[in-house]
Amino acid sequence: MNELKPCPCCGSTARPVGSRSGINPHWKLCRVICDRCGLTTANHSTPEEAAAAWNTRATPPRAEVDVEGVIVDVLLLLPNDGAVKANVASCIRRALSRATGGNDAT
Ligand SMILES: [Zn+2]
C-alpha cells in the first residue's frame, strides 16, 4: 500500500482500517482514518483504493503569509504622494477590519 499522507485537516498520521460490509459479511471494506481528528475516507474495496482516495484529498498546509510585510511593501512601492498613501492606508485598514470581523461603517 502507498504511504499515507498526513491528515489534510490536522496534519496528524492516518491509518487504514477494515470492516465487514453490513450488506454481505464476506465483503471486506477498507477506509483510511486520521489518528487524531477521525477524518475518514469513504469505504473502498481494497486498502490501495482507500489509500489512493486519502492521498488525493491530502494537501500540504497553506504557507503563512506575512500580511504586515506585504502591506509595508505595498506602501513603499506607491508613488511618493502623501494623499495616495493615506488613501491606500485607509483602504487597507478598512479591509483588515472587515477581514477580522471589526465593525467598520466608513
Ligand atoms: Zn486529522
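Residues numbered from 1 in each chain as written. Predicted model: local features only at pLDDT ≥ 70, side-chain atom pairs only at ≥ 80, totals over all residues.

Engineer: I'd like a rundown of the overall build of the chain, residues and numbers included.
Structural biologist: Along the backbone of the chain there are 3 helices and 2 strands. A burial count over the chain gives 8% of its 106 residues as buried. Restricting to contacts in the chain with at least 6 residues of sequence separation, those with at least 24 account for 35%. (Helix = DSSP H or I, 4+ residues; strand = E, 2+ residues; numbered from the N terminus. Buried ≥ 20, exposed ≤ 12 C-beta atoms within 10 Å, placed from the backbone. Contact = placed C-beta atoms within 7 Å.)

Engineer: Hey, could you go over the nonpolar core for me, with residue numbers and the actual values?
Structural biologist: Of all hydrophobic cores here, the largest spans 8 residues; its members are C7, A14, C30, V32, C34, A50, A51 and W54. Listing elements by their share of this core, those giving two or more residues are strand 2 (28-34) and helix 1 (47-57). (Core = buried A, V, L, I, M, F, W, Y, C linked by C-beta atoms within 7 Å.)

Engineer: Tell me about the environment of A53, and name the residues and values.
Structural biologist: If you trace the backbone, A53 turns up in helix 1. Its 17 C-beta neighbours within 10 Å are what place A53 among the partly exposed residues. Once the C-alpha coordinates of A53 and A42 are considered, the two residues, 11 residues apart in sequence, prove to be 8.4 Å apart. Here A53 is in contact with T41, A42 and H44, once residues within four sequence places are set aside.

Engineer: Please provide a residue-by-residue account of helix 3 (residues 82-99), values included.
Structural biologist: For helix 3, spanning 18 residues, the distance from its first C-alpha to its last is 25 Å, which sits close to the expected 26 Å at 1.5 Å a residue. For helix 3, a buried count of 0 out of 18 residues is recorded, marking the element as mostly open to its surroundings. (Expected span 1.5 Å × (residues − 1).)

Engineer: Please provide a residue-by-residue account of the environment of P8, values included.
Structural biologist: Within the secondary structure, P8 is located in the segment before strand 1 (14-20). Taking the C-beta count within 10 Å as the criterion, P8 has 16 such neighbours and is therefore assigned partly exposed.

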